[in-house]
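Residue strings, one per chain:
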Amino acid sequence: QQQVRQSPQSLTVWEGETAILNCSYEDSTFDYFPWYHQFPGESPALLIAIRPVSNKKEDGRFTIFFNKREKKFSLHIADSQPGDSATYFCAASGAGGNNKLTFGQGTVLSVIP
Amino acid sequence: DPKIIQKPKYLVAVTGSEKILICEQYLGHNAMYWYRQSAKKPLEFMFSYSYQKLMDNQTASSRFQPQSSKKNHLDLQITALKPDDSATYFCASSQERGQNTLYFGAGTRLSVL
């Protein structure tokens, strides 16, 4: 059962545009929502994360928007750069703190100069 | 220098054989994990260990056995290998078994023929 759904599968934007990646989840006990990115041939690395006490988390050009009622969260990458081209994974984990992350399928982002 | 060392980087095995994937972390973390990434599925949680004790097992098959000989080691033994086991296996760690940042190793890419 796919508990975290991610869209789109692939996304192409021009340099300088805002890329928007979307995720939804089903399990209402999830309370930690990180985004990871993965460059070809490398391991996933944490980019930014949010907990439901907030509906927005910013870190430089990266912002998570969180909607608890609709069980959705999104990653906005402002002023996209070619170096942002990677696969982005959203994930979620539940209360109890076990780092048992459920990942989305990933979005392959390409930023064209 | 990589702080989470996985060996080997690539592994080719024949169906029915047994292999051990090695993971050592030098981050001083107390929790370690195995995740699997295959072509058609998102990153999947397999196991979590905390202070060398198994805490979570999300893998249905007993063919997958984690082994922790030292606090900073978490190997993965896979027996009776099947082609469906072909995937990249990532070892990860966090300071504690909680909702903390997960650090991933570079992965072992396993191909079962």
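To be clear, the structure that these remarks concern was listed above.
Before going into details, it helps to say that this report is about the structure given with it. Since this is a predicted model, take the numbers as computed values, not measurements.

### Here we look at unusual backbone geometry
In step 1: Here Ser7(A) and Pro8(A) are connected by a cis peptide whose omega angle stands at -10°.
In step 2: In this fold, Pro8(A) is placed in the loop between strand S1 (4-7) and strand S2 (10-14).
In step 3: Here the bond from Lys7(B) into Pro8(B) is cis, since omega is -10°, no more than 30 degrees from zero.
In step 4: Considering the arrangement of structural elements, one finds Pro8(B) in the loop between strand S1 (4-7) and strand S2 (10-13).
In step 5: Within the chain, Tyr51(B) stands out as a residue other than glycine whose phi angle is a positive 50°.

### Things to note about empty space enclosed by the protein
Residues and elements named next belong to chain B.
In step 1: Evaluation of the coordinates by the stated rule reveals 1 cavity of 30 Å³ or more.
In step 2: What lines the largest cavity is simply His-29, Asn-30, Ala-31, Met-32, Tyr-49, Tyr-51, Gln-52, Ser-68, Lys-71 and His-73.
In step 3: Its residues assigned to classes, the lining of the largest cavity shows 4 nonpolar, 5 polar and 1 charged.

### Describing the side chain of Thr87(A)
Residue and element names in this part refer to chain A.
In step 1: Looking at the secondary structure, you find Thr-87 in strand S9 (residues 86-94).
In step 2: Judged by its relative accessible area of 18%, Thr-87 falls in the buried class.
In step 3: With residues near it in sequence (within four places) discarded, Thr-87 still touches Tyr-36, His-37, Gln-38, Gly-106, Thr-107 and Val-108.

### So, the pairing of strand S11 (residues 107-112) of chain A
Residues and elements named next belong to chain A.
In step 1: Only one face of S11 is covered, namely the face carrying Thr-107, Leu-109 and Val-111; the face carrying Val-108, Ser-110 and Ile-112 is uncovered.
In step 2: Looking at chain direction, S2 and S11 are connected through 5 bridges and run parallel. Across the sheet, the residue bridging to Trp-14 is Ile-112, located in S11.
In step 3: Note: S9 against S11, 3 bridges, orientation antiparallel. Following the sheet pairing, Thr-87 is matched in S11 by Val-108.

### Describing the layout of surface pockets
In step 1: Roughly 650 Å³ of internal volume is contained in the second largest pocket.
In step 2: In terms of lining, the second largest pocket is formed by 28 residues, of which the most central are Gln38(A), Gln37(B), Thr88(B), Phe90(B) and Arg109(B).
In step 3: Put simply, the parts of the chain that give the lining of the second largest pocket at least two residues each are S9 of chain A together with strand S9 (87-94) and strand S11 (108-112) of chain B.
In step 4: When residues in the lining of the second largest pocket are grouped by element, the largest group, 3 residues, is from S9(B).

What counts, and where the lines are drawn
- Residues numbered from 1 in each chain as written.
- Chains lettered and ligands numbered in written order.
- Predicted model: local features only at pLDDT ≥ 70, side-chain atom pairs only at ≥ 80, totals over all residues.
- Heavy atoms only, no water.
- Helix = DSSP H or I, 4+ residues; strand = E, 2+ residues; numbered from the N terminus.
- 1 Å grid on protein atoms, 1.4 Å probe; cavity = no way out; pocket = protein on both sides within 12 Å on 5 of 7 lines; lining within 4 Å.
- Points joined across faces, edges and corners; volume = space filled by probe spheres on them.
- Nonpolar A, V, L, I, M, F, W, Y, C, P; charged D, E, K, R; others polar.
- Buried < 20%, exposed > 50% of the residue type's maximum accessible area, 1.4 Å probe, protein only.
- Contact = heavy atoms within 4.5 Å.
- Pairing = 2+ DSSP bridges.

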